[in-house]
Each structure stands twice: as C-alpha cells, then as structure tokens.
Amino acid sequence: MNALLRRIGAMTIDGLWRLGFMARFFFALLRYSGQSFRRLPLTIREIYFSGVLSLLIILVSGLFVGLVLGLQGYDILQRFGSSDALGIMVALSLLRELGPVVAGLLFASRAGSAVTAEIGLMKTTEQLQAMDMMAVNPIARVVAPRFWGGVISMPLLAAMFSAMGIFGGWLIGVVAIGVDDGAFWSQMRASVDFRYDIVNGTIKSFVFGVAVSLIAVFEGYDCQPTAEGVSRAITRTVVSSALVILALDFVLTSFMFRGL
Amino acid sequence: MTPASGNPLVRLNRVRFAYGEREILHDVDLTVHRGQVVAIMGGSGSGKTTLLRLIGGQLRADAGTVEVDGQDMGHLSVSALYALRRRMGMLFQFGALFTDMNVFDNVAFPLREHTALPAELIRDLVLMKLHAVGLRGAAALMPSELSGGMARRVALARAVALDPMLMLYDEPFAGLDPISLGTIGHLIRRLNDALGAASIMVTHDVQASLDLVDYVYFVSEGGIVAHGTPAEIRASDDPFVHQFVHAEADGPVPFHYPAPPLASLLDEVPT
Ligand SMILES: Nc1ncnc2c1ncn2[C@@H]1O[C@H](COP(=O)(O)OP(=O)(O)OP(=O)(O)O)[C@@H](O)[C@H]1O
Ligand SMILES: [Mg+2]
C-alpha cells in the first residue's frame, strides 16, 4: 500500500516536472519563433512535409468516413422519415467533431511522428549540438519552423477532411441511395451556421494543431539520444497526442456547444 | 613555429568537471596562444572530448575557469556566447553533418546563417573550402552517400567556413588513409597560420601530430599528466609519455575502464 502510494506520488511529481519542462520549452519556442516568419521558406518547407504529404491519407480517410456517415445516417434518418436531413447530419458531424478529431489523430500519427523522429535523430547524431556550436539556435532554426508548419497545416487538413467527407456522404446518399439532391444541399445550407459550426470547428482543429505540434517537437527535442530513446519518443508522441486530442475535444465541446 | 607570447586565446585554470557524481576532469590547466596548434592526447574515455566541450561552452566547469579570448565561459549570456562561437569552428568526433542537406549546403550553412554575402560569393567560398579538403567533386552528394572519412572532411570544411579565430578538432585524422591524413594535417596547419588563429586538436595519431603541432598535452585519469613541445615530448623519459609515443601496451596508461579485478569475477563462477 505504502509502496503503491509512493509510486503514484513519484509518477505525479515526474509528470509535473515534464509539464513544467514543456511549458518552458513552449515559451522558448514562442520567443524564437520570429525567424520562422522572417525566413518564410523554412516554414513553407515544413508545411510541405507536414501538410502536403499528409494530404493523401487525409483525403482518403475523409472520403471513407463520409461514405460510412452516409450509410449510417440514412439508415437512422429514414426511420423517422427525414432522410432529406442527411446533408445536415453529415455536414454537422464532420464540421463539429469528426473533421477536427479524426484529422488530428491522423495528423499526429502521420506528421507528428515524423517530426519527432527527425528532431530526435538530429539530436542523436549531434546535429543540434553542431548547430548550437555554430551559433545557430536549434530551437529557432529547427524546432520553431516545424511547429508552425504543423500549426498552419492542421486546420487546412481538417477542412479538407470535412469537405471530402461531405462529398462521400453525398455520393452514398444522393448518387447511390437516391436522396433528393436539392434537399440534401439546401437543408445543409440552411442549418449549418457559419459562426456556431464552422468557426468553432476551425478553432478546434487549430487547438489540436498546436497541441500535436508542440508534443511532437518537444518529444523529439527531449528524447534520450539513442535509437531506443527515439523510438520511445515517437510512441509517446502518437499516444499522448491521441489522448490530448480526445480530452481537449471534450473540454472545447462543452464550452462551445452547450446551448443545445 | 610560433613562440608562446602575449595574451593567451584559451586559458583553463584548475578546471574540474563531473557528470553527476562521476568526476571526469580535475585540476586541468591548459593554455593556448594565437598562432599555436595544440594537440590533446590520451587514452579512450580519458575526457578529451569533454575538454573540448568545456572550451566550446557546451559544458560548464564545476570549478575553476575556462577563458576564451579573455571571456569567462562560465558567466557568458547566451548572446555573448553565440557572438564568441561565431568566431569558433568545431569538428565533431562523428562529423554531425546535417543529413537533410547535401554537402554543398552543409558547408554553406554557417555562411548563409551569419553573413549576407551574395549567392555567387558563397558558392565560390564553399567550393574553395571543399577543394581544400579534396571533395569539390562531391558537392552534390548527400551525407548518407559519403564514407566516414569523407564525411569528416566535409565537416572540417564546414567548421572552417567562417575562418574562425579558434578551431576545435575532435579527432580530425580518424578514419583517414595516410595520403588524406597528410593533406588534412597540412591543411590544419596552413589554415591556422594564414588566419593567425589557434587550433586545438584531439588526436590519437602521435607521429603525424608531433610533426605538425607546437605543443602537446597528455590527459589521463582526469588530469594533465604531461605536456611539452614535440621536441621535449620525443626526448621525454616520463613513463607515461614514453608508453604513448612508442605505443607500448604496458605502462601507466590503463587500457581498461575501472572495474573490479578479473580474478574476483572468476571467484564468483560456481564450480
Ligand atoms: N553524457 C555523458 N554522461 C555521462 N558520462 C559521460 C557522458 N559523456 C561522456 N561521459 C564519460 O566521460 C568520460 C570521458 O568521455 P570523453 O568523451 O570526454 O572521452 P574521450 O577522451 O573523448 O574518449 P575517446 O577518445 O574514446 O573519444 C568517459 O568515461 C565517459 O564514460
Ligand atoms: Mg572523444
């Protein structure tokens, strides 16, 4: 019993330490972010690696999620004789929840893990130290552009995920099952509110982008400089990103959509 | 060879350093003047790389002072440290080339970060540095396409790209064939003399470096155990120096990392 308590205590203190490190790291990152914007090509290159290269997996997954939503949504809605509302259902579930969350999870495992691996390997092979010895701050030159590349990419990817999902829902509902095309779009247009649904969804995906990118660069920068350390850091990036996305989603949702 | 006079560029005064509880260096005194090429020799794991890191400001001494160009490395702000490092070049033991850039961009990196030179000039400078290490033809290769010795030569070109006042080389000769070794040795000497800089190199290559350097320090068990000019070293009858210069297996330099005697291990084996 005593040992158990002690372990829990040690783990808590450990966790708090790490959180503190992360906060300090985050402030350093923000302080040295100037260069990421003054030397835009550095950041654009990372947008390419994080964003553009994640595009295919995001689009394909979005399509499948939309197809499933179309099938399930139609099945439920037609019981109440309101299959015309399929467009609303597909659009709202994607814009509010599935777009940001699923795109965030995919982004963490595709781009976040790659960023952690890259920074971790640069640390292991002393590239970060070499840079530091050349009077170039690795946080400014390596970490910050990757962070901002992720932050910028994530909302765009979530938007594309949702668009692709709506297209998938339309394919199933309208083309395959035969829901009225006009009703599908007009109901959707009438019920989706720009501020309430789209802005809130975008805020979510932006917050997820910040969280995932911060976790990814931090884990890479903080890893043990060995092969094993890098692999553990990658695992941690994927796992803690997923947990943080789901937890933050609950918090954000409860603030945004409570006036139901 | 340049006489040792004037203000030293690097001065270590009774430096102590420990990784956690484990003391790596103690009471290290070392002086390097402008114009000098100084060698640091010693067994594997004796703390040579650690010594270079202390001079480069990557590690801070636990006691004593490390001064570079009159500035105390223990009490520099980050910006002052960076200002000093712009005038330093360091060759890492394993090269540490940036793996996401080709050879040309690696050597151009410090120039692009710290100068506003036009692209054509940078190109000429980089190709000149690469030519000096015999790798102008490899400019377009990626680091993964280089051999260990080639990577180290590229790293050397990168370390001296900004014509530093102080150059720190961690084993510049490791993995080089005799021909490249001679060339790189001359290059280090020539660069040093042309710039009026100072160079400190960690090396295991006793004969090659005795022909090249102005002064030698021997490190063992965390301290400086012997030092002198190459002539003094060659003539020395210090058992340590003798063992090192003549590569003898028996002598004061321990080959083994500290461990309980082998006999005690054998005792534990059940019979
Ligand atoms: N990051 C570290 N943490 C703890 N101990 C370390 C660390 N780096 C080096 N050491 C220890 O410090 C001692 C000196 O290491 P150092 O790298 O300076 O040796 P070296 O003289 O450069 O050896 P070599 O010739 O093999 O490169 C070694 O015994 C090593 O075990
Ligand atoms: Mg070493």
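Note that the coordinates shown come from a computational prediction; the quantities given were computed from them, not determined experimentally. (Residues numbered from 1 in each chain as written. Chains lettered and ligands numbered in written order. Predicted model: local features only at pLDDT ≥ 70, side-chain atom pairs only at ≥ 80, totals over all residues. Heavy atoms only, no water.)

**Section: the overall build of chain A**
The helix and strand inventory of chain A stands at 10 helices and zero strands. Shown N-terminal to C-terminal, the secondary structure of chain A runs as helices and strands in the order α-α-α-α-α-α-α-α-α-α. Principal-axis analysis of the C-alpha atoms gives chain A an extent of 65 × 55 × 30 Å. A total of 260 residues make up chain A; the buried ones form 46% of that total. Considering only intrachain contacts with a sequence separation of at least 6, the fraction spanning at least 24 residues in chain A is 84%. Surface exposure of chain A reaches about 12,700 Å², of which carbon and sulfur atoms provide 71%. (Helix = DSSP H or I, 4+ residues; strand = E, 2+ residues; numbered from the N terminus. Buried < 20%, exposed > 50% of the residue type's maximum accessible area, 1.4 Å probe, protein only. Contact = heavy atoms within 4.5 Å. Areas by Shrake-Rupley, 256 points an atom, 1.4 Å probe, with all protein chains shown as cover.)

**A look at the pairing of strand 4 (residues 63-68) of chain B**
Residues and elements named next belong to chain B. The sheet contact formed by strand 1 (residues 10-19) and strand 4 spans five bridges and is antiparallel. Residue Arg11 lies in a different strand from strand 4, and its bridge partner there is Glu67. One ladder, built from two bridges, connects strand 4 with strand 5 (residues 71-72); its direction is antiparallel. Residue pairing across strands places Glu67 opposite Asp72, the latter belonging to strand 5. If you look at the hairpin formed by strand 4 and strand 5, you'll find two residues sitting between the two strands, and Asp69 has a positive phi there, around 50 degrees. (Pairing = 2+ DSSP bridges.)

**A look at the site of ligand 1**
All names here are of chain B. Around ligand 1 sit 15 residues in total, of which Arg22, Ser44, Lys48, Thr49 and Thr50 are the nearest. The contact in question runs from an oxygen atom of ligand 1 to an N or O atom on the side chain of Lys48, over 2.7 Å. In the model, an oxygen atom of ligand 1 is placed 2.6 Å from a nitrogen or oxygen of the Thr49 side chain. Protein contacts shield 66% of the accessible area of ligand 1, which totals 630 Å² for the unbound molecule. (Near = heavy atom within 4 Å. Polar contact = N/O pair within 3.5 Å; in protein donor to acceptor, adjacent residues only side chain to side chain.)

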